[in-house]
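Understanding the architecture of this molecule
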Amino acid sequence: MKIEKVIVRKMKMTMKSPFETSFMTQQERIFLIIEAYGEKHVGYGECVVSAYPYYGEETASTAFSIIDEFLIPLVIGQEFNHPDEVNKKFARVRRNNMAKSAVEAAIWDLYAKEQGIPLAQALGGEKKEITVGISLGIEDDTNVLLESIEGYLKQGFKKIKIKIKPGKDIEVLRVIRERFGDIALMADANSAYSLEDLPLFKEMDQLNLLMIEQPLEHDDIVDHRKLQSELNTPICLDESIHSYDDARRAIELGSCKVINIKVGRVGGLSEAKKIHDLCQQHQIPVWCGGMLESGIGRAHNIAITTLPNFIIPGDTAPSARYWHEDIIEPEIVMDDQGHIQVSDLPGIGYNVVQDKLEKYTLEKFIYEA
Ligand code: OSB
Ligand code: MG
């Protein structure tokens, strides 16, 4: 497979409603879409950045700069037998995982299309459908959150994840437990706490949560180990895991019992698969996290979730939860049991609608071999 041409688009899409986390509120999504052209097909990848370096250090501008200056020169005009080779080529560039992942994902899609097989199959996945939950932002009024949880449970979502921050945590979780009983419930702190909050986590430990996601610092695995040793509730790491070796070290230390695999955060599908396999060997269940993606990133998430150790419902909710209109066709839909069917069409398995892609494109850059 030769990469004949690459197009990078700076995109802007506005979500139906604002999404509040412990680090910011966002409604406008600024991100990148990559198109990788072979002789006959085009593969798509999404760079799951935002305009701000508040979740991780990358932004749409830094990712564009790394892709433009360093990553495209490593792939343009090059011949690849398999997308795993892209991951190896990019290894010399330190970090910048969301930038790497976007280019690599486009090449994975191109590869699967050239093979005439679904991306899920190219990755070694066997599930025909995946099961998903929903990630809900912080609400000023807890009643608003309760009403929306009620609606999402009726729609069929199999896991409720709420965002927490200091002052908006234990009480909210308690009220949800009281109202909805034994639902699959978890909390994501996005690094808003420290070990000094141990008494708070001890209380949370009484609520039978599925897990607590990334309670402590974004780059920590030592304090998380201390916290995990004090709790029965599994700790799930998100921000702290950027690579196979990060996952290996966190598992070795006992810093978590679950890992959230985000393709962008770990630098691509090849690395995500390696982390999946490692976790499977160590009986660490994984699930696929989300970054408020458009349909393109969402399709990649569905494909990786077909691997067998993605046991816990992920954050890949259907298109309509985020967008008035998505840029793919058909949109991603979920049945009333929280299932999304895996497409059996080649590559990501969804058509990218050209006029919608153009409609949300702020700037477009073309690279030719
Ligand atoms: O920590 O998982 C996170 C969204 C943006 C940045 C970080 C996170 C999230 C989510 C939303 O939880 C997941 C989604 O619905 O895509
Ligand atoms: Mg998270």
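This text gives an overview of the structure that appears in the document. (Residues numbered from 1 in each chain as written. Chains lettered and ligands numbered in written order. Predicted model: local features only at pLDDT ≥ 70, side-chain atom pairs only at ≥ 80, totals over all residues. Heavy atoms only, no water.)

**A word on the packing of aromatic side chains**
Two numbers describe a pair of aromatic rings. These are the distance of the centres and the angle of the planes. We count it as follows: Each aromatic pair joins two rings of Phe, Tyr and Trp (for Trp, the six-membered one) with centres within 6.5 Å, and gets the label stacked for planes under 30 degrees apart, edge-to-face for over 60, and tilted for any other angle. The helix and strand labels rest on DSSP assignments: H or I over at least four residues marks a helix, E over at least two residues marks a strand, and numbering proceeds from the N terminus. Remark: a charge is flagged as sitting over a ring if the NZ atom of Lys or the CZ atom of Arg is within 6 Å of the ring centre and within 35 degrees of the ring normal.
Tallying each qualifying case throughout the model produces 7 aromatic pairs. Both rings, one in Phe23 and one in Tyr55, keep their centres 6.2 Å apart while their planes meet at 45°; by these two values the pair is tilted. Pair noted here: Phe23 is in the loop between strand E1 (5-20) and strand E2 (25-37) and Tyr55 is in the loop between strand E3 (42-47) and helix H1 (60-75), with a separation of 32 residues, a long-range link. In this arrangement the basic side chain of Lys5 is found over the ring face of Tyr37, its NZ or CZ atom lying 4.4 Å from the centre. Taking the ring centre of Phe64 as reference, the NZ or CZ of Lys10 above it sits at 4.9 Å.

**Comments concerning the coordination of the magnesium ion (ligand 2)**
The following threshold applies: Counted as donors are N, O and S atoms no farther than 2.8 Å from the metal, or 3.2 Å for Na, K and Ca; water is not among the atoms, and sites may therefore look incomplete. Buried means the residue's accessible area, taken with a 1.4 Å probe over protein chains only, is under 20% of the maximum for its type, while exposed means over 50%, and partly exposed covers the values in between.
Listed as protein donors to the magnesium ion (ligand 2) are Asp188 (OD), Glu213 (OE) and Asp238 (OD); their distances from the metal cover 2.1 to 2.3 Å. Mapped onto the sequence, the donors of the magnesium ion (ligand 2) take the spacing D-x24-E-x24-D. Taken together, the residues Glu213 in strand E8 (residues 212-213) and Asp238 in the loop between strand E9 (235-237) and helix H9 (244-253) connect sequence positions 25 residues apart. For the residue pair Glu213 and Asp238, the accessibility class agrees, reading buried in each case.

**Some thoughts on the packing of H1 against helix H3 (residues 97-115)**
The condition that has to hold: A fitted line through C-alpha atoms represents every axis, and for helices the fit uses only the stretch in contact; the resulting angles, taken between N-to-C directions, go from 0 to 180 degrees. Oblique is the label for any angle not under 35 degrees, not over 145, and not in the 65 to 115 range, which are roughly parallel, roughly antiparallel and roughly perpendicular in turn. Throughout, a crossing is termed right-handed when the near helix is turned clockwise from the far one, and left-handed when it is turned anticlockwise from it by less than a right angle. Contact criterion: two residues are considered in contact whenever any of their non-hydrogen atoms come within 4.5 Å of each other. Classification used: nonpolar for Ala, Val, Leu, Ile, Met, Phe, Trp, Tyr, Cys and Pro, charged for Asp, Glu, Lys and Arg, polar for all others including Gly.
Across the interface, H1 lies against H3 with an axial gap of 9 Å and an inter-helix angle of 45°. Looking at the two axes, H1 sits oblique to H3. Seen along the crossing, H1 lies across H3 with a hand that is right-handed. Touching Ala63, Ile66, Ile67, Leu71 and Val75 of H1 are Ala99, Lys100, Val103 and Ile107, all from H3. Residue composition of the contact of H1 with H3, by class: 8 nonpolar, no polar and 1 charged.

**Focus: the sheet that holds strand E15 (residues 361-368)**
Within a beta sheet, neighbouring strands are joined by backbone hydrogen bonds and run either parallel or antiparallel to one another. So the rule is basically this: Think of it this way: DSSP has to see at least two bridges between two strands before they count as a pair.
With antiparallel pairing, 4 strands are arranged side by side in an open sheet as E3-E2-E1-E15. Lying at the two open borders of the sheet, with one neighbouring strand each, are E3 and E15. Each adjacent strand pair in this sheet contributes to an overall mean axis angle of 25°, direction not counted. Here 6 bridges tie E2 to E3, and the two strands are oriented antiparallel to one another. Among the inter-strand pairings, Leu32 is bridged to a residue of E3, identified as Cys47. Across the sheet, H1 touches E1, E2, E3 and E15, and the angle it forms with E2 is around 15°. Most of the contacts of helix H11 (residues 295-305) go to E3, to which it runs at about 100°, and overall it touches E2 and E3.

Honestly, that's just the spatial picture; any functional story needs more than this.
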